[in-house]
Amino acid sequence: MKERRYNLSVKRFLAWVIAIAVAVSILTVPQTESYAAGGKIKTIAVTNLPAKQLTLKKGKSFTLKTKVTATGKISKKVAYKSSNKKVATVNAKGKITAKKKGTATITVYSKADKKKTCKIKVTVGTPVTKVKLNKTKANLNVGKSLTLKTTLSPKKPSNKGIIWKSSNTKVATVTSKGVVKAKKAGTVTITATAKDGSGKKAACKITVKKAAVTPVVPEVPVVIRNVSIVNKAVIQVTLNKAKILQTSDFAVSSKVYGYGNFVRKCVIDHLETTNNITYKLYLDKQDIFHNGDIVQVSVPTLNSTKELTYRTKPTEITIRSEVRRKKGTVVGTSSLDTSGVYDPDVQGYAVYTVSNLPTGLSYKVVDDADQSGYLQFYGTLKETGIWETKVDVVDEFGNKIHYIKVWKVYDERAVIAQDITKYGCLSFPAPNKPNGTYTVKYGAQISPIGGNGSYKYEVVSKADCLDLVMSTTGVQYCSIDTDQAGEYTMKIKISDSRDAAVFTYCTVTFIIKPGVLLQITATDLDGNKIKYTGIDTYLCRLKSQWKDNSYSEISYAREVGEIEDGMAIYSYVPEGVYDISIEDERGGTGVYASDYYVSAAATNEVTFALPVYQQTVVSDNTDFADLSQMGEWKDENGVVQGKGGYLYLAVGNYTLTGTAEKDGVTYQATLKISVTNTTRANMVTAHVVAQ
């Protein structure tokens, strides 16, 4: 009995000792979450998501798996927190539950160091259910590329992102856009994984092979093969092979002297090409070439340059002028006496040949700064009469000028009158009429000088179609009215009104040739006929090439589309050779037909395609819908680009403005147009507002 009591006492004593020990350990041992000496949390990561994103359907759950990296002895426990519990909740074990559509951020943070976190963006919506690749197997040569494309199910998931991965980047790499680049021979698996955490993925097995070795052929560099000047504002550049170039790739310069530098830089307005081999460069209106300019065209990126000299076809023209001087007049002593100077419009050095000077006059060639020189006539007029001094000028480019200076020397004892020859052709009042008429009223003015200055006129002989007519100012004219080709003359006696013994004779001759119909049509590059623009934008110029001065007066300019929209220009001219052009009066490019022969035995129809495209302009304002009433369309530099409802524009970008008035209200119109070689607006809308 005593022994049993003893054992019970021992047990009670031991239990008391153990209880005290446990209490002491609780008071003295630190908690596991507290930092140990040198312990530190480095990173927190979620290991079961491909990216820090997760898409869940409403009501679905997903449990995060985390990995904590630390140094030293420290707790690796984590806690979770949701930024929007109405959208998604998270429990202490990292289980995320989707509540309703929307987004929330789940933050995983260290209990030991709350500054260390990992944030997951959760979207409650539509997750990816399937990922499919356009290829599951493929072969590639080393150095080649392949683009893999994905198809997702459903078609519109909440997150369409894809993560691409190569199983062996030494064999092949893959970009974030699915572009696979073969590196070396071998096999590799490219995996496309949905970024939304759905776990859906697809793979493509790629076999990379060594590329076949081909002989290395030295690449022929792209260079300028040829350069030619189409006209004063257009250059044609031909490459040795195709190369896509922009306007900014070209550089054009010019100079006047061979020993000078190319300091004049030309602005290229735009270019045209159909094959990337032959390019046409259209210069800005301020940078056109002149005869004799040395032109340099280069493409700096190709390190290629060509030079050439712009040479226009040598011209040959005849110019006449008249001088009336009294006998005894001294010529060439005054700088104001223009009769004593002839300064031709030639290039460089010039050679002069002079014949048939009036009695008492001589001449000399005076050199000037541009070395072409000019003629100076000097002396005293000593004899009455009419002299036709002929000056033949040839410059170093072969241009020829036949200058005829008519000297009419008179005094009180002599009446002087020069014979007159007029040229013309029959023309029809309208195309295809059976009969033509040629009418020149007061076509040849009779201008005697000398005597007392007052004269009597007597017709000695004349053709039936000619008449002598006096104007209201007392000037005598010889007029013609005929519908037949031929040569018609009138001989007139002109006497001094005070002394009948002082007189002379004057013969007027009309040479009329049959008229040949010439039809000129202008279109844009799409074949649309140029309509009436309302301003002198495009002018058709016609100039004869007769060398004998017979028809030198056949030279005129006429606006394209002036009479009727798209109508051809009709002109009746004598059979012969002409230069025809349609030019942009704003200084831009034009089109030309040199040495065109107008034949009476052929249909003479010329069509020009201008380097522009037609734009039909409409209004967005019903109060001012008729844009044919709109005034001039001007660009940002104030240059007029057209008028009314039709514009003809070269390739480029335009911002145009115009104004017009209707019923006392001023309207302001703004128009933005982009014209290219391949796409152009056939109809554009102007924004029109009342001011």
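To keep things clear, this report deals only with the structure shown in the data block.

1. A short note on the side chain of aspartate 293
Piece 1. Within the secondary structure, aspartate 293 is located in the loop between strand E24 (278–283) and strand E25 (294–299).
Piece 2. Although buried, aspartate 293 forms no salt bridge, and the nearest oppositely charged side chain, arginine 264, lies 4.1 Å from it.
Piece 3. Beyond its immediate sequence surroundings of up to four residues, aspartate 293 is in contact with Ser254, Lys255, Val256, Arg264, Leu308, Thr309 and Tyr310.

2. Quick look at the pairing of strand E33 (residues 385–395)
Piece 1. Alternating positions in E33 separate cleanly, Gly385, Trp387, Thr389, Val391, Val393 and Asp395 being buried on one face and Ile386, Glu388, Lys390, Asp392 and Val394 remaining unburied on the opposite face.
Piece 2. Taken together, the six bridges between strand E30 (residues 350–355) and E33 define a ladder with antiparallel strand orientation. Bridge pairing in E33 places valine 354 opposite valine 391.
Piece 3. Relative to strand E34 (residues 400–410), E33 runs antiparallel, the two sharing 10 bridges. Note on E34: the bridge partner recorded for glutamate 388 is valine 406.
Piece 4. Counting the residues in the hairpin turn of E33 and E34 gives four residues, including glycine 398, whose phi is positive at 90°.

3. Here's the deal with the sheet that holds strand E19 (residues 224–231)
Piece 1. The strand order E19-E20-E24-E23 describes an open sheet built from four strands, whose pairing is antiparallel. Because the sheet does not close on itself, it has two edges, and the strands there are E19 and strand E23 (268–273). Averaged over all pairs of adjacent strands, the angle between strand axes in this sheet comes to 20°, irrespective of strand direction.
Piece 2. Pairing of E23 with E24, which is carried by five bridges, proceeds in the antiparallel orientation. When the sheet's bridge partners are listed, isoleucine 268 is paired in E24 with leucine 283.

Scoring rules and cut-offs
Position numbers for residues count from 1 along each chain, tracking the sequence in the order it is written. Note on the predicted model: pLDDT of at least 70 is required for a residue's local features to be given, and 80 or more for side-chain atom pairs to be given and counted; whole-chain, interface and lining totals, by contrast, use all residues. To obtain the side-chain values, all non-hydrogen atoms of the structure were included, while hydrogens and water were left out. Only runs of H or I of at least four residues qualify as helices and only runs of E of at least two qualify as strands under DSSP, and these elements are numbered from the N terminus. Only protein chains enter the area calculation, which uses a 1.4 Å probe; residues under 20% of their type maximum are buried, those over 50% are exposed, and those in between are partly exposed. Positive charges come from Lys and Arg alone, negative charges from Asp and Glu alone, with His and the N- and C-terminal ends not counted. Any Lys or Arg side-chain nitrogen located within 4 Å of an Asp or Glu carboxyl oxygen qualifies as a salt bridge. Any two residues whose heavy atoms approach within 4.5 Å are treated as being in contact. Pairing between strands is defined by DSSP: at least two bridges between the two strands are required. To define axes, lines are fitted to C-alpha atoms, for helices over the stretch in contact only, and angles between the resulting N-to-C directions are given on a 0 to 180 degree scale.

Interpretation note: all reported values are geometric properties and have no functional meaning in isolation.
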